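Now for the letters of each chain:
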Amino acid sequence: MSESSTIEIDFFSKKASDRRDIQGMISKINPELLKTAIASASANSFVANTSFSSSLQLQTPCNQNCGVVNMPVTVAPMTIFYNGTVSVFDVTSNQAESILKLAESVNSVSKNVVESTRVISNDLPMSRKRSLRMFLEKRKERHEAMSPYACSQGSTS
Amino acid sequence: MDDRSFNNQRIHGMSDVVFECVLAYIHDSRDRQSISLVCRRLCELEAQTRKHVTIALCYTTTPKQLLRRFPFIESLKLKGKPRAAMYNLIPEDWGGFATPWVEELSKSFSCLKALHFRRMIVKDEDLELLARDRGHVLQVLKLDKCSGFSTDGLLHICSSCRNLKVLFLEESQVIEKDGGWLHELAMNNTQLEALNFYMTDLSQVSFNDLELIAKRCKSLVSVKIGDCEILDLVGFFRAAVSLEEFSGGCFNKQSEEYASLAYPPRLCRLGLNYMSTNEMPIVYPFASRLKKLDLLYALLDTEDHCVLLQRCPNLEVLEARNVIGDRGLEVLARSCKKMKRLRIERGADEQELEDEEGVVSQRGLTAIAQGCLDLEYIAVYVSDITNAALESMGMNLKNLCDFRMVLLDKEEVITDLPLDNGIRSLLSGCNKLRRFALYLRPGGLTDVGLTYIGQHSQNIRWMLLGYLGESDSGLLGFSRGCPSLQKLEVRGCCFSEKALAMAVLQLRSLRYLWVQGYRGSKTGFDLLTMARPFWNIEIIPPRKVNCGDGREMEHPAHILAYYSLAGPRTDFPPSVIPLASITQ
């Protein structure tokens with residue numbers, strides 16, 4: 001292969017039986033290029049939350065590399081959009097996994113708390129003692145009865 | 001003495017006579033309970049000399065069982081509906097029927113002189129039977145927050161019970177047909193010491209009858225009535241020379257007319273309803289004598305409270321709405337050093353109807369903690385709170401037996417939540433506490449705080465937990481403690497059925513549980529974890545309730561569980577379901 005030309009290897013057109021061919025082709029690619037390709041693919045695979053499977057599935061580019069090749073410890077950019085700000089971090093695959101798991105767990109807890117408080121506070125208003133309630137109603141009636149506008153709702157002052 | 005020596009037995013070398021004499025001086029029911037467990041003979045002696053019994057829930061035993069155990073009681077107190085009924089949370093037909101009790105009491109309890117029904121359904125026929133069979137001996141009748149009867153039933157009582165010393169009807173829902181019952185009482189009775197129809201809607205009574213009662217009953221000490229114009233009571237006040245307590249009445253006329261009103265010379269417990277700023281001065285001449293003041297139904301603002309309380313250095317009991325404000329509590333703390341009982345209730349929610357200053361917070365509570373060191377009972381609705389205020393109470397109020405605090409839900413932000421540390425300090429400092437209620441909001445107390453409550457409540461027998469804790473583990477931590485807890489009420493918490501059931505099994509003194517608001521299991525079967533002999537479990541399913549002003553409110557389900565020697569109830573209304581029937 002000449003250094004200036006671009007090599008395109010189309011893994012998608014290959015069938016499962018051509019596994020050895022694919023492995024052969026991978027071993028001939030520039031190792032640095034390969035590392036980058038694997039790192040970006042592995043970051044994508046975390047985001048997509050796919051499971052690692054040993055069988056090659058050509059339809060899904062993510063699985064392709066994961067089952068066959070040992071993951072190198074590389075960092076990849078993780079972009080986080082939060083509350084109107086955008087941040088980019090270089091994280092390893094393990095770190096990325098941890099961050100995503102944390103985000104998922106926080107989500108489910110707050111959902112529960114919100115649900116339970118919503119249910120409880122809506123359904124159980126603070127109720128008043130009967131004697132006080134009767135007094136406050138009577139007082140309201142007295143208040144309204146004594147108001148100068150009580151009987152003359154339509155008149156202007 | 002010869003008759004006695006024929007049957008004389010000896011217990012530990014001492015004759016029955018000695019024990020009988022000693023037992024006459026022992027009144028505390030727990031002491032008597034311990035004595036009755038010593039040996040069979042002492043159990044019999046104790047049973048024969050027992051004068052008073054309180055049955056905390058009428059479904060825990062039967063009239064026949066009571067007769068077998070304590071045949072000679074002179075006084076009985078029976079309670080029916082759960083406490084939540086006072087807040088309109090329990091269906092009216094829930095139960096607590098007095099009829100089976102009245103039937104047995106009238107027939108078999110020959111020594112009975114005093115009867116107190118609380119939150120029960122009493123019928124006119126029950127009162128008629130009682131009047132007919134016990135009328136000649138009945139001295140005390142208290143129908144306390146009861147319903148189901150009318151003034152016809154009262155007429156029977158007042159006609160036949162000529163020895164009645166106490167007639168108490170406070171907060172009962174009585175169907176009023178006329179005022180004849182009071183007239184009968186005035187005609188037939190000279191023994192009356194206390195008359196109370198406070199907070200009932202009985203309005204057809206005649207003030208002339210009241211005056212007649214005051215004239216004829218020389219021992220009349222306490223009178224609490226409904227709405228009756230105060231100026232009509234001039235004759236009554238003049239005649240009631242022994243009167244120490246008066247509540248009720250109302251002020252409908254011009255303020256000046258009340259200026260010359262004279263009150264009985266020994267009056268020291270007072271509650272004047274609808275009294276406003278202008279009428280307040282009528283209290284001044286005897287304010288320094290006042291031991292008890294009820295301002296729950298007065299029309300005073302914060303400043304009025306400050307002015308009035310400053311004149312009451314001997315005050316021991318105060319009931320007021322939160323319009324008293326922090327400033328009023330500060331005045332109370334400075335002026336009223338003998339305070340024993342303080343109750344601050346929740347006023348109107350609408351701002352126009354109550355004083356702006358009318359909020360109680362950590363400021364007022366701290367003042368009370370530092371100023372009223374003899375306080376035994378406090379119940380308060382607060383709008384804001386801090387841990388420091390609770391710590392101050394724990395440090396200073398060493399005589400506190402009863403603590404109840406509700407955090408109102410009007411303010412969104414509370415100064416200092418959660419209250420874990422403050423509550424721990426309060427509970428460990430106030431070690432005489434027997435009754436405890438804490439009603440907060442989500443975030444008010446963590447699971448750790450709830451566990452603290454369990455750890456520091458050695459002597460507490462009754463608790464109300466409202467919106468406390470965060471999860472089941474809080475409840476389980478709580479239930480590992482509370483060694484004396486007999487009665488538990490839970491509202492608005494997030495506990496699951498399973499956790500509630502497990503908590504019940506851990507709380508070793510628990511005999512009564514009420515819950516509203518919980519995480520139900522799909523089947524309702526998780527509650528069965530607490531199923532065991534003598535333990536009744538009832539459910540009040542969710543229901544829609546008419547609020548009165550056209551609105552309908554959804555009431556969530558309740559769980560009620562209690563020990564009973566009587567087996568499951570036999571008088572379930574449609575609105576209550578025993579758990580056994582759910583599992584069939």
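1. As for the overall build of chain A
Secondary structure summary: chain A contains five helices and two strands in total. In sequence order, chain A lays out its α and β elements as α-α-α-β-β-α-α. The buried share among the 157 residues of chain A stands at 21%. As displayed, chain A has an accessible area near 11600 Å², and 55% of this comes from carbon and sulfur atoms.

2. Things to note about the packing of aromatic side chains
Residues and elements named next belong to chain B. Enumeration over the complete set of coordinates arrives at 14 aromatic pairs over all chains. With 5.7 Å between their ring centres and 70° between their planes, Y59 and W94 make a pair best called edge-to-face. Placement of the pair is Y59 in the loop between β3 (52-55) and α5 (63-69) and W94 in the loop between β4 (75-79) and α6 (99-108), with a sequence separation of 35 residues. With relative accessibility at 11%, the residue Y59 sits in the buried group. Linked through ring pairs, F236, F237, F246, Y263 and F286 together constitute an aromatic cluster.

3. Details of the nonpolar core
F236, F246, F403, M405, F436, I453 and F478 of chain B are the most contacted members of the largest nonpolar core, which has 182 residues in total. Top element by residues in this core is helix α19 (residues 497-506) of chain B. It accounts for five residues. Ranked by size, the runner-up nonpolar core spans ten residues in total, among them L132 of chain A together with M199, C250 and Y297 of chain B.

4. Comments concerning the interface of chain A and chain B
Each partner contributes residues to the interface: chain A has 22 residues there, and chain B has 42 residues. Summed over both partners, the interface of chain A with chain B comes to about 3100 Å²; 55% of that surface belongs to carbon and sulfur atoms. Linking chain A to chain B there are three salt bridges. Among the ionic pairs, D349 of chain B bridges to R128 of chain A, the shortest N-O distance being 3.2 Å. At the junction of chain A with chain B, the criterion picks out ten residue pairs in polar contact (both at pLDDT 80 or more). Counting residues per element, the ones that place at least two in the side of chain A that touches chain B are α4 (93-123) and α5 (130-146) of chain A. Ranked by residues supplied to the side of chain A that touches chain B, first place goes to α5 of chain A with twelve residues.

5. Looking at the confidence of the model for chain B
Residues and elements named next belong to chain B. Overall, the predicted model of chain B reaches an average pLDDT of 93, with 96% of residues at or above 70. Residue range residues 1-6 is modelled with pLDDT below 50. Its contacts to residues more than four positions away, or to other chains, number two contacts. Scored as a complex, the prediction yields pTM 0.80 and ipTM 0.87.

6. Things to note about empty space enclosed by the protein
Residue and element names in this part refer to chain B. Under the defined criterion, the tally for this structure stands at three cavities of 30 Å³ or more. If you add up the space inside the second largest cavity, you get close to 40 Å³. Around the second largest cavity sit A56, L57, K79, G80, K81, P82, R83, R119, K487 and Y512, which together line it. Taken together, the residues of the lining of the second largest cavity break down into four nonpolar, one polar and five charged.

7. Things to note about a nonpolar patch on the surface
There is a patch of nonpolar side chains on the surface, built from M14, V18 and V22 of chain B and spanning about 220 Å² of accessible area. Summarising the element assignment, V18 of chain B is placed in helix α2 (residues 16-23).

8. A word on the pairing of strand β26 (residues 558-563) of chain B
All names here are of chain B. Here β26 lies mainly inside the structure; five of its six residues are buried. Sheet topology note: the strand β22 (residues 512-516)/β26 ladder contains five bridges and is antiparallel. In the sheet register, V515 faces β26, and the bridge partner there is I559. Here strand β23 (residues 535-540) pairs with β26 via six bridges, running antiparallel. Its bridge partner being in β26, I539 is matched across the sheet by I559.

9. Structural notes on the pattern of salt bridges
Residue and element names in this part refer to chain B. Under the counting rule described, the total for this entry stands at 36 salt bridges over all chains. Taking the shortest distance from any N to any O, the salt bridge between K145 and D144 comes out at 3.7 Å. E357 serves as the salt-bridge partner of R327, at 2.8 Å between the closest nitrogen and oxygen. Remark: E357 occurs in the loop between β16 (341-345) and α14 (362-371) and R327 occurs in helix α13 (residues 325-335); sequence separation between them is 30 residues. R327 gets classed as partly exposed once you look at its relative accessible area, which sits at 28%. Look at the salt bridges and you will find they share partners, linking E170, K224, E244, E245, R269 and K292 into a network.

10. Description of unusual backbone geometry
Residues and elements named next belong to chain B. Cis geometry marks the peptide bond from L417 to P418, where omega comes out at 0°. Inspection of the secondary structure puts P418 in the loop between β18 (402-407) and α16 (420-429). Of note in the backbone geometry, K145 takes a positive phi value of approximately 55° without being a glycine. Summarising the element assignment, K145 is placed in the loop between β6 (140-144) and β7 (147-150).

11. Side note on the environment of L375 of chain B
Residue and element names in this part refer to chain B. For L375, the position within the fold is in the loop between α14 and β17 (377-382). Here L375 falls in the buried class, since its relative accessible area comes to 0%. In this structure, the C-alpha to C-alpha distance between L375 and L212, residues 163 residues apart in sequence, is 39 Å. Beyond its immediate sequence surroundings of up to four residues, L375 is in contact with M339, K340, R341, L342, I368, L397, N399 and L400.

12. Here's the deal with the environment of L329 of chain B
Inspection of the secondary structure assignment puts L329 of chain B in helix α13. Distance in space between the C-alpha atoms of L329 of chain B and R363 of chain B is 8.7 Å, their sequence separation being 34 residues.

Cut-offs applied
- Residues numbered from 1 in each chain as written.
- Chains lettered and ligands numbered in written order.
- Predicted model: local features only at pLDDT ≥ 70, side-chain atom pairs only at ≥ 80, totals over all residues.
- Heavy atoms only, no water.
- Helix = DSSP H or I, 4+ residues; strand = E, 2+ residues; numbered from the N terminus.
- Buried < 20%, exposed > 50% of the residue type's maximum accessible area, 1.4 Å probe, protein only.
- Areas by Shrake-Rupley, 256 points an atom, 1.4 Å probe, with all protein chains shown as cover.
- Phe/Tyr/Trp six-rings, centres within 6.5 Å; stacked < 30°, edge-to-face > 60°.
- Core = buried A, V, L, I, M, F, W, Y, C linked by side-chain atoms within 4.5 Å.
- Contact = heavy atoms within 4.5 Å.
- Buried area = accessible area lost by both parts, 1.4 Å probe.
- Salt bridge = Lys/Arg side-chain N within 4 Å of Asp/Glu carboxyl O.
- Polar contact = N/O pair within 3.5 Å; in protein donor to acceptor, adjacent residues only side chain to side chain.
- pLDDT = per-residue confidence, 0-100.
- 1 Å grid on protein atoms, 1.4 Å probe; cavity = no way out; pocket = protein on both sides within 12 Å on 5 of 7 lines; lining within 4 Å.
- Points joined across faces, edges and corners; volume = space filled by probe spheres on them.
- Nonpolar A, V, L, I, M, F, W, Y, C, P; charged D, E, K, R; others polar.
- Patch = residues over 30% accessible without salt bridge, like charges linked within 9 Å, V, L, I, M, F, W, Y side chains within 5 Å.
- Pairing = 2+ DSSP bridges.

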